[in-house]
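Each chain is listed here by its residues.
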Amino acid sequence: MEQEIIREYALGDKESVERCIFEMQEEDFARQPDYWETPEKALENKYLDFLLKRTSSNNGKLLVAEVDGAVVGYIAIIIEDEKDSRPCMKVKQEGYIPDLVVLRKYQKKGIGKKLLDAAEKYIKSQNCEYISLDVTTGNPALDFYKKLSYKEYSVNIKRKLL
């Protein structure tokens, strides 16, 4: 039986998390190549460093999923507080998930749900009433979130100008 652990990111996880980022970026780039960078460029641009800085400066965390000692996924958590909220909104602090990634080989095994459960637990501990995330158009993960009672609150639309 495989042993699964959800834990905080450690420096030794860098290569494994970058493998997850590469897979995520492959899919995003395939769906919307005019918007997303190639996976190689995302790593070259040090996306993981950006994500670690963003989580640490926003009272967040980067959690990893480990199966039999190998990192197979991660979730990034950011706590958005009053300085980030709009004056017309009741919600003054919420958790935001910029990334939830599980390697394709390990998807549909409950790992994504365990990562999300751990994120929700942390976000609740920070006295946040809501959790939010974005899903790109065409991403099959939307069905995963809807099964877990996530609901659409807004739709982000874009138009290319240049």
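What comes next is a walk through the structure. Model, not experiment: these values are computed from the prediction.

Conventions and cut-offs
Throughout, residues of each chain are indexed from 1 in the direction in which the sequence is written. Local features are withheld for residues below a pLDDT of 70 in this predicted model, meaning they are given only at 70 or higher, and side-chain atom pairs are given and counted only at 80 or more; totals for whole chains, interfaces and linings count all residues. Side-chain numbers here rest on the full set of heavy atoms in the structure, without hydrogens or water. Only DSSP runs of H or I reaching four residues or more are called helices, and only runs of E reaching two or more are called strands; each is numbered from the N terminus. As defined in this context, the radius of gyration uses C-alpha atoms, and a globule is described by 2.2 Å times the residue total to the power 0.38. Residues count as neighbours in contact if any of their non-hydrogen atoms are within 4.5 Å of one another. Residue-level accessible areas treat just the shown protein chains as cover; the underlying method is Shrake-Rupley with a 1.4 Å probe. For two strands to be treated as a pair, DSSP must find no fewer than two bridges joining them. Only C-alpha atoms enter the line fits that serve as axes; for helices the fit covers just the stretch in contact. Angles between N-to-C directions range over 0 to 180 degrees. Each residue is assigned to one of three classes by its accessible area relative to the maximum for its type, calculated with a 1.4 Å probe on protein chains only: buried under 20%, partly exposed between the two thresholds, exposed over 50%. The handedness rule is simple: strands pointing away from the viewer, and a clockwise path from the first strand over the helix to the second, make the crossover right-handed. For this analysis, a polar contact is any N or O atom pair within 3.5 Å, provided that within protein one partner can donate a hydrogen and the other can accept it, and provided that sequence-adjacent residues contribute only side-chain to side-chain pairs. Any carboxyl oxygen of Asp or Glu within 4 Å of a side-chain nitrogen of Lys or Arg constitutes a salt bridge here. What the arc measures is the spread of directions leading from the helix axis to the C-beta atoms.

In this section: the overall build of the chain. Across its full length, the chain carries five helices and five strands. Listing every helix and strand of the chain by position from the N terminus yields β-α-α-α-β-β-β-α-β-α. Relative to a compact globule of 162 residues, whose C-alpha radius of gyration would be 15 Å, the chain shows 16 Å and is just as compact. For the chain, the spread of C-alpha atoms along the principal axes amounts to about 50 × 45 × 30 Å. Residue pairs in contact within the chain that sit at least 24 positions apart in sequence constitute 62% of those at least 6 positions apart. Total accessible area computed for the chain in this model is approximately 10800 Å², and 51% of it derives from carbon and sulfur atoms.

Let us look at the sheet that holds strand 1 (residues 4–8). Spatial strand order, 1-2-3-4-5: five strands in an open sheet with mixed pairing. The sheet terminates laterally at strand 1 and strand 5 (130–133), the two strands that pair on one side only. Neighbour-to-neighbour, the strand axes of the sheet open up by a mean angle of 25 degrees, direction not taken into account. Looking at chain direction, strand 1 and strand 2 (residues 61–67) are connected through five bridges and run antiparallel. Bridged to Arg7 within strand 2 is Val64.

Let's shift gears to the pairing of strand 4 (residues 94–102). Across the nine residues of strand 4, nine count as buried, placing the element largely inside the fold. By the bridge criterion, seven bridges tie strand 3 (residues 70–80) to strand 4 in an arrangement that is antiparallel. Across the sheet, Ile75 pairs through a bridge with Leu100, a residue of strand 4. With four bridges connecting them, strand 4 and strand 5 associate as parallel partners. Among the inter-strand pairings, Tyr96 is bridged to a residue of strand 5, identified as Ser132. Between the parallel elements strand 4 and strand 5, the chain passes through helix 4 (residues 111–125) in a crossover that is right-handed.

Our focus in this paragraph is the side chain of Asp13. For Asp13, the position within the fold is in the loop between strand 1 and helix 1 (14–31). Here Asp13 falls in the buried class, since its relative accessible area comes to 5%. Looking at Asp13, its side chain comes within polar contact range of the side chain of Arg7, at 2.8 Å. Here Asp13 is in contact with Arg7, Glu8, Val64 and Val71, once residues within four sequence places are set aside.

Let us look at the pattern of salt bridges. Here the structure, examined in full by the defined rule, presents 12 salt bridges. Asp117 is paired through a salt bridge with Lys113; the nearest N and O atoms lie 3.0 Å apart. Residue Asp117 and its partner Lys113 are both found in helix 4; the two are separated by four residues, about one turn of the helix. On the accessibility criterion, Lys113 (36% relative accessible area) is partly exposed. Connected via shared salt-bridge partners are Glu23, Glu26, Glu27 and Arg104.

A few words on helix 3 (residues 47–56). Among the residues of helix 3, those classed as buried are Leu48, Leu51 and Thr55. Along the long axis of helix 3, the arc covered by the buried residues comes to 60 degrees, so they all point the same way. Exposed and oriented more than 90 degrees from the buried face of helix 3 are Lys53 and Ser56. Along its buried surface, helix 3 packs onto helix 1, strand 2, strand 3 and strand 4.

Everything listed here is a matter of geometry and, on its own, says nothing about what the molecule does.
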